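Listed below are the residues making up each chain.
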Amino acid sequence: MNTNQLECFITLSSTLNYARCAEELHLTQPAVSKQIKSLEKELGCELFYRTTRSVELSEIGNQFLPEAKSMLDTYYHSKEWINNYKINEYHSFKIGYTDPQSIKMITQALSDMYIGDATLSPKLVYNQTNTNLQALSNHFLDVVVCMKDALFKDSHISFEPIHHDGFVFIISKEHDAYHTFKDLKAVHTSDLFPIEQVIALPPYLLKSYFSRGRTLLPVNNKLNNIICENVNEAYGLVKAGFGFALVPEFQVVEDEEILTLPWLETPRNDFGIYYFNGADLSLTKEFIKAVKDYYK
């Protein structure tokens, strides 16, 4: 699979006309047809339904289109980044993160670093913790910002704890149960079971914990609970009235529409930064220091 094939496929998907596709790409129609056929042969499927009068995306072609666009975007992004790196001697620094709520902290830390290094070229990668940690192990990332993951083991990767966090209870002030909690200073686990819950855990953790017959958080499975992937989504669903959520302390957001209370039986875990034990850790050390300064 190459960029010529992808460009022809994506452009033909848009125009659904070989002549216009060829015109946009400055190619001949036979050249476009050749690229499409070679891609279909390589994938072992028809990407388009063709008649003498029309061209339409096949079902599998329609499903493949977003991936083709992503691959082409990644190629051109990488090409542009490499050209800039060679010309300007930028210092690349790739950061994996697991929740949109972390962006404010990450960008503030990068801002502090950029003051002393105008050649700093950061790249932020949002993904599940296990995916980011695998990318770190494969040298595709420099650091990963997340909660410590007990499932992850790699002797070449170190973890720098930033702070030790538990979970806190949040619920909308518009929720029917708000009046039960508004005068409390903290909640017990037993207080939570009558109310639907918004569970903000990454899918890979949910699969792991549910497969072992238990969960990281207390869950009343008899209720209509909602599962989401991150705290940002949890806040939105809680504000929409879908129940309470238990979120890490470091990701709590001040919001006049939300009641926030300590959870007395909370488990605790380290939030911090994973990094590869490589030869040059100067940027990593700067980043860790900047993040620690952010939380002072």
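Analysis parameters
- Residues numbered from 1 in each chain as written.
- Predicted model: local features only at pLDDT ≥ 70, side-chain atom pairs only at ≥ 80, totals over all residues.
- Heavy atoms only, no water.
- Helix = DSSP H or I, 4+ residues; strand = E, 2+ residues; numbered from the N terminus.
- Buried < 20%, exposed > 50% of the residue type's maximum accessible area, 1.4 Å probe, protein only.
- Polar contact = N/O pair within 3.5 Å; in protein donor to acceptor, adjacent residues only side chain to side chain.
- 1 Å grid on protein atoms, 1.4 Å probe; cavity = no way out; pocket = protein on both sides within 12 Å on 5 of 7 lines; lining within 4 Å.
- Points joined across faces, edges and corners; volume = space filled by probe spheres on them.
- Nonpolar A, V, L, I, M, F, W, Y, C, P; charged D, E, K, R; others polar.
- Salt bridge = Lys/Arg side-chain N within 4 Å of Asp/Glu carboxyl O.
- pLDDT = per-residue confidence, 0-100.
- Contact = heavy atoms within 4.5 Å.
- Expected span 1.5 Å × (residues − 1).
- Patch = residues over 30% accessible without salt bridge, like charges linked within 9 Å, V, L, I, M, F, W, Y side chains within 5 Å.
- Areas by Shrake-Rupley, 256 points an atom, 1.4 Å probe, with all protein chains shown as cover.
- Core = buried A, V, L, I, M, F, W, Y, C linked by side-chain atoms within 4.5 Å.

Before going further, it helps to examine the side chain of T189. Within the secondary structure, T189 is located in helix α8 (residues 189-192). Assessed through its relative accessible area of 17%, T189 is described here as buried. A polar atom in the side chain of T189 sits 2.9 Å from the side chain of W263.

As a further point, take empty space enclosed by the protein. With a probe scaled to a water molecule rolled over the atoms, the places where space remains empty come into view. In the structure shown here, the tally under the stated rule is one cavity of 30 Å³ or more. As a volume, the largest cavity reaches approximately 40 Å³. Lining the largest cavity we find T189, L192, F193, I195, Q197, P218, V219, N220, N225 and F244. A breakdown of the residues in the lining of the largest cavity according to their chemical character gives six nonpolar, four polar and no charged.

The tally for this structure, following the rule as stated, stands at seven salt bridges. Across the pair R268 and E249 runs a salt bridge whose closest N-O atoms are separated by 3.3 Å. Taken together, the residues R268 in the loop between β11 (258-262) and β12 (269-276) and E249 in the loop between β10 (244-248) and β11 connect sequence positions 19 residues apart. Classification of E249 as partly exposed rests on a relative accessible area of 30%. The salt bridge partner of D293 is K296, with a shortest N-O separation of 3.2 Å. Taken together, the shared-partner salt bridges connect K289, D293 and K296 into one network.

This brings us to the confidence of the model for the chain. For any part of a model where pLDDT is low, the fine detail of the predicted coordinates should not be relied upon. On average, residues of the chain score 86 in pLDDT, and 90% of them are at 70 or above. For the chain, the element scoring lowest by mean pLDDT is helix α9 (residues 203-211), at 52; β11 scores highest, at 96. Of the regions scoring below 50 in pLDDT, residues 208-213 engages in eight contacts with residues more than four places distant in sequence or in other chains.

Here helix α1 (residues 3-15) spans 18 Å end to end across 13 residues, near enough to the 18 Å set by a 1.5 Å rise per residue. Of all the residues in α1, the buried ones are Q5, L6, C8, F9, I10, T11, L12, S13 and T15. Where α1 begins, the capping side chain belongs to N2, and its oxygen is found 3.1 Å from the backbone nitrogen of N4. Positive backbone phi, approximately 50°, marks L16, located one or two places after α1.

As a further point, take a nonpolar patch on the surface. A grouping of M1, L43 and M71 is seen on the molecular surface, where their side chains present a nonpolar patch of about 240 Å² in accessible area. Inspection of the secondary structure puts L43 in helix α3 (residues 29-43).

Moving on to the nonpolar core. Ranked by internal contacts, the top residues of the largest apolar core, which has 22 residues, are F93 and F287. Going through the elements one at a time, β3 (91-97), α5 (103-116), β5 (143-147), β12 and α11 (282-294) are the ones with two or more residues in this core. Sequence-distant contacts of F93, that is, excluding residues within four places in its chain, are made with L110, M113, L120, S121, P122, K123, D142, V143, L283, T284 and F287. Core analysis: the second largest hydrophobic core is formed by 18 residues, C8, F9, C21 and L72 among them.

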